[in-house]
Amino acid sequence: MTDDASALFTPFKIGDLTLPNRLVMAPLTRNRATPGTDAPNQLNVEYYVQRASAGLIISEGTQVSRQGQGYIWTPGMYNDEQVKGWRAITDAVHAAGGRIFAQLWHVGRVSHISLQADEAAPVAPSAITAKSKTYVASGFAETSAPRALETAEIAGVVADFAKAAENAKRAGFDGIELHGANGYLIEQFIKDGTNKRTDQYGGSIENRVRFPLEVVDAVLKVFPRERVGIRLSPVSPANDASTSDAAEVYGHLVQELGKRGIGFIHVVEGATGGPRDNAPFDYAALRKAFPGAYIANNGYTRDLAIEAIAEGRADAVAFGKAFIANPDLPERLRVGAPLNELERATLYGGDAKGYTDYPALTQAAE
Ligand code: 8OZ
């Protein structure tokens, strides 16, 4: 183990926002919003406040509309009650000295009719069912067959993202991250395994990034450019994603994002939650093609993170599982303390157990 973790604790600026360290809390679905309203609640406030020592917190995915929901009890960002719930979280995180961005999410085809209004089919670029599972009231279920969005409907989905960005602003978030990863709607447009459209949103690389860029342009009317980021997973097979041309399509996308001056790309390197080397991909080239900040994610250990920051391969590193199990992860990494083990049974849904009861070092020592 490297003794010197100081590379992780040099401040870093994204636009005018100073992160006191390079450790980002990754967006983490925990399915603990209030049943019925999908509004955040007091337990969620406590969970985020416990983790306020992160350089930046990215909230769990928040659906931009009911249509954009793919799992039960995930929080929304589309009505006043949800905004009120989020406001309590951002106020408390700020009072504790932290910074928090909202992750805006539309799952596209990764949903189930039981979560949709009138049991409607989920929407996607093309009517291809994901070989994937979702989580509904009765437990895990196969994703439902989607229908392809009409060309004329797409502007409405873009507007849902813009409205959610406005709501995130009203809720006091410091910025937003678009969920452009892990096989959800934005990625379904980017990757040619899920996008077989013949209109201006499919086919060529330029056409496949049209919807993602329209969403970016829409949220840039709400937040300053450095306060907008996007999460990408170029070669992750999560939720049955695939593309024949990852280097080309992501190279083009980040160049376009760079022109718009957004704050960061947040890159899931490799297979989400799995091997980092599942498929060849040149992340250094992606970093080079994008002038903003590069937040790296997926399977980082303390040593890997120190190395990535010290060698300039990333500006910050996002931790998921480690932040779930260690509310004081930055302090633990700083001193090289052991980490609490993650309990998988309590990841999705439930109460305080496995959510707000992981001890900090100071508590563990008592
Ligand atoms: C785990 C369970 C449900 C959703 C992702 C939002 O993969 C998720 C997610 C992860 O990005």
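All of these numbers come straight from a predicted model, not from anything done at the bench.

Conventions adopted
- Residues numbered from 1 in each chain as written.
- Predicted model: local features only at pLDDT ≥ 70, side-chain atom pairs only at ≥ 80, totals over all residues.
- Heavy atoms only, no water.
- Helix = DSSP H or I, 4+ residues; strand = E, 2+ residues; numbered from the N terminus.
- Rg over C-alpha atoms; globule rule 2.2 N^0.38 Å.
- Buried < 20%, exposed > 50% of the residue type's maximum accessible area, 1.4 Å probe, protein only.
- Contact = heavy atoms within 4.5 Å.
- Areas by Shrake-Rupley, 256 points an atom, 1.4 Å probe, with all protein chains shown as cover.
- Lys, Arg positive; Asp, Glu negative; His and termini not counted.
- Charge placed at Lys NZ, Arg CZ, Asp CG, Glu CD.
- Core = buried A, V, L, I, M, F, W, Y, C linked by side-chain atoms within 4.5 Å.
- Axes fitted to C-alpha atoms, helices over the stretch in contact; angles between N-to-C directions.
- Parallel < 35°, antiparallel > 145°, perpendicular 65-115°, else oblique.
- Left-handed = near helix turned anticlockwise from the far one by under 90°.
- Nonpolar A, V, L, I, M, F, W, Y, C, P; charged D, E, K, R; others polar.
- Pairing = 2+ DSSP bridges.
- Right-handed = clockwise from strand over helix to strand, strands pointing away.
- Near = heavy atom within 4 Å.
- Polar contact = N/O pair within 3.5 Å; in protein donor to acceptor, adjacent residues only side chain to side chain.
- Expected span 1.5 Å × (residues − 1).

**Regarding the overall build of the protein**
The helix and strand tally for the protein stands at 12 helices and 14 strands. Whereas a compact globule of 366 residues would reach a radius of gyration of roughly 21 Å, the protein reaches 19 Å, a difference of no more than 12%. Its C-alpha atoms give the protein principal-axis dimensions of roughly 60 × 45 × 35 Å. Within the span of the protein, comprising 366 residues, buried residues form 59% of the whole. Considering only residue pairs separated by 6 or more positions, the protein has 72% of its internal contacts joining residues 24 or more positions apart. Total accessible area on the protein is roughly 13900 Å²; 52% of this is exposed by carbon and sulfur atoms. Each charge sign in the protein was given a centre, from 37 positive and 43 negative side chains, and these centres are 2 Å apart.

**Some details on the nonpolar core**
Residues Leu 104, Phe 161, Leu 178, Phe 211, Leu 257, Ile 265 and Phe 319 are the most contacted members of the largest nonpolar core, which totals 87 residues. The element best represented in this core is helix H3 (residues 154–170), accounting for 8 residues. With sequence-adjacent residues up to four places away left out, Phe 211 is seen in contact with Ile 154, Val 157, Val 158, Phe 161, Leu 185, Ile 186, Phe 189 and Tyr 201. Membership of the second largest hydrophobic core comes to 14 residues, among which are Leu 17, Leu 19, Phe 264 and Ala 293.

**Quick look at the packing of helix H1 (residues 42–50) against helix H2 (residues 80–95)**
It is at 9 Å that the axes of H1 and H2 come closest, and there the two elements cross at 30°. By the angle between their axes, H1 is roughly parallel relative to H2. As for the relative orientation of H1 and H2, their crossing is right-handed in sense. On H2, the residues that touch Asn 44, Val 45, Tyr 48 and Val 49 of H1 are Trp 86, Ala 88, Ile 89, Ala 92 and Val 93. Residue classes in the contact of H1 with H2 are distributed as 8 nonpolar, 1 polar and no charged.

**Section: the pairing of strand S14 (residues 316–319)**
Side-chain alternation along S14 places Ala 316 and Ala 318 on one buried face and Val 317 and Phe 319 on a second face that is also buried. Direction of pairing for strand S3 (residues 23–25) relative to S14: parallel, over a ladder of 3 bridges. Residue pairing in the sheet places Val 24 in a bridge with Ala 318 of S14. With helix H9 (residues 302–310) bridging strand S13 (residues 293–297) and the parallel S14, this β-α-β connection has right-handed handedness.

**Comments concerning the site of the ligand**
Taken together, Thr 29, Tyr 71, Trp 105, His 179, Asn 182, Tyr 184 and Tyr 348 make up all the residues around the ligand. A distance of 2.7 Å separates an oxygen atom of the ligand from a polar side-chain atom of Asn 182. If the ligand stood free it would expose 300 Å²; the protein chains cover 77% of that surface. Here the residues of the shell around the ligand sort into 4 nonpolar, 3 polar and no charged.

**Considering helix H7 (residues 246–260)**
Across its 15 residues, H7 extends 21 Å between first and last C-alpha, which sits within 8% of the 21 Å expected from 1.5 Å per residue. By the burial criterion, the buried members of H7 are Ala 246, Val 249, Tyr 250, His 252, Leu 253, Val 254, Glu 256, Leu 257 and Gly 258. The secondary structure elements touched by the buried residues of H7 are helix H4 (185–190), helix H5 (205–208), helix H6 (210–219), strand S11 (228–232), strand S12 (264–268) and helix H8 (283–289). Directly beyond the C-terminal end of H7, a positive phi value near 75° is found at Gly 261.

**Overview of the packing of H3 against H6**
Packing of H3 against H6 leaves a shortest axis separation of 9 Å and a crossing angle of 35°. Judged by the sense of rotation from one axis to the other, the crossing of H3 with H6 is right-handed. Residues Ile 154, Val 157, Val 158, Phe 161, Ala 162 and Ala 165 of H3 touch H6, and the partners they reach there are Phe 211, Glu 214, Val 215, Ala 218 and Val 219. Classifying every residue of the contact of H3 with H6 gives 10 nonpolar, no polar and 1 charged.

**Description of the environment of Ile 58**
Relative to the elements of secondary structure, Ile 58 occurs in strand S4 (residues 56–63). Ile 58 sits 41 residues away from Arg 99 along the chain, and the two C-alpha atoms are 8.7 Å apart. Not counting residues within four places of it along the chain, the set of residues in contact with Ile 58 comprises Val 24, Met 25, Ala 26, Pro 27, Phe 101, Gln 103, Glu 177 and Phe 264.

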